[in-house]
Amino acid sequence: MLQENSKSTVNTNNLPKKMTDFPNKEAQQKLLIELAHAKMPFGKYEGRYLVNLPERYLIWYRQKGFPKGKLGKQLEQMLDIKINGLEPMIRNIQRHFQK
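Residues numbered from 1 in each chain as written. Predicted model: local features only at pLDDT ≥ 70, side-chain atom pairs only at ≥ 80, totals over all residues. Heavy atoms only, no water.

Asks: Would you take a moment to explain the nonpolar core for this structure?
Replies: Across soluble globular proteins, nonpolar side chains have a tendency to be buried as a group. Counting residues in hydrophobic clusters, the biggest one holds 20 residues, and the most contacted among them are Met40, Leu50, Leu53, Leu75, Met78 and Ile90. Elements represented by at least two residues in this core include exactly helix H1 (25–37), helix H2 (55–64), helix H3 (70–83) and helix H4 (87–96). For Leu75, the residues in contact, after removing those within four places along its chain, are Met40, Leu50, Leu53, Leu58, Tyr61, Phe66 and Pro67. (Core = buried A, V, L, I, M, F, W, Y, C linked by side-chain atoms within 4.5 Å. Buried < 20%, exposed > 50% of the residue type's maximum accessible area, 1.4 Å probe, protein only. Helix = DSSP H or I, 4+ residues; strand = E, 2+ residues; numbered from the N terminus. Contact = heavy atoms within 4.5 Å.)

Asks: Mind showing me how you'd approach the pattern of salt bridges here?
Replies: Where charged atoms of side chains with opposite charge meet at close range, the side chains can pair. Applying the stated criterion across every chain yields a total of 3 salt bridges. With a closest N to O distance of 2.2 Å, Lys70 and Glu34 form a salt bridge. A residue pair is termed long-range when its members are at least 10 positions apart, and Lys70 in helix H3 and Glu34 in helix H1 qualify at 36 residues. For Lys70, a relative accessible area of 53% corresponds to the exposed category. Assessed through its relative accessible area of 21%, Glu34 is described here as partly exposed. Residue Glu87 pairs with Lys82 through a salt bridge whose shortest N-O separation is 3.0 Å. Through salt bridges with shared partners, a single ionic network connects Lys82, Glu87 and Arg91. (Salt bridge = Lys/Arg side-chain N within 4 Å of Asp/Glu carboxyl O.)

Asks: How should the packing of H2 against H3 be read in this particular structure?
Replies: For any two helices packed against each other, the geometry is given by the interaxial angle and the distance between the axes. It is the contact of H2 with H3, at a shortest axis distance of 10 Å, that shows an interaxial angle of 130°. With respect to H3, the element H2 is oriented oblique. The two elements H2 and H3 cross, and the hand of that crossing is left-handed. Together, Glu55, Leu58, Ile59, Tyr61 and Arg62 of H2 and Leu75, Met78, Leu79, Lys82 and Ile83 of H3 make up the contact between the two elements. (Axes fitted to C-alpha atoms, helices over the stretch in contact; angles between N-to-C directions. Parallel < 35°, antiparallel > 145°, perpendicular 65-115°, else oblique. Left-handed = near helix turned anticlockwise from the far one by under 90°.)

Asks: I keep staring at a nonpolar patch on the surface and nothing clicks. Help me out?
Replies: Taken together, the side chains of Leu32, Leu86 and Met89 make up a nonpolar region of the molecular surface, amounting to roughly 210 Å² of accessible area. Exposure remark for Leu32: the relative accessible area of 30% places this residue in the partly exposed category. (Patch = residues over 30% accessible without salt bridge, like charges linked within 9 Å, V, L, I, M, F, W, Y side chains within 5 Å. Areas by Shrake-Rupley, 256 points an atom, 1.4 Å probe, with all protein chains shown as cover.)

Asks: Mind showing me how you'd approach the confidence of the model for the chain here?
Replies: Residues shown with low pLDDT carry predicted positions that ought not to be read at fine detail. Within the chain, residue pLDDT values average 84, and 77% of them lie at 70 or more. With pLDDT under 50 throughout, residues 1–12 is counted as low confidence; its partners more than four residues away or in other chains account for 1 contact. (pLDDT = per-residue confidence, 0-100.)

Asks: Quick question: what am I supposed to make of the environment of Glu34 here?
Replies: Between the alpha carbons of Glu34 and Ile93 there is a distance of 9.6 Å; along the sequence they are 59 residues apart. Setting aside residues no more than four positions away along its own chain, Glu34 makes contact with Lys70 and Gln74.

Asks: What's the story with H3 in this structure? I'm lost.
Replies: Within an α-helix, residues lying three or four positions from one another point in the same direction, as the helix has 3.6 residues per turn. The end-to-end C-alpha separation of H3 is 20 Å, in line with the 20 Å expected for 14 residues at 1.5 Å each. Every buried residue belonging to H3 is among Leu71, Gly72, Gln74, Leu75, Met78, Leu79, Ile81 and Lys82, and all of these are buried. Looking at the residues trailing H3, positive phi occurs at Gly85, about 70°. (Expected span 1.5 Å × (residues − 1).)

Right, dumping it as structure tokens:
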């Protein structure tokens, strides 16, 4: 049985301040479609869809530090997707939704 810990602390600095700070459903869908079609722009895996990058490569980036900007955020999101076993969802989005 879980017990509530009244002394637990939560860092709320990175949480949205109000409900309007959350992206709406359409914005979330657009971001997922964009992520599903995103390709690596440089390096050993240039031209590959981010979903097809090896997990060990994404882990290396996490240890090294993700690039700044949009690509870094996409790589970090893709690592989370892979860790949670959601790659089939991204591949389904690739098949059914155009960029």
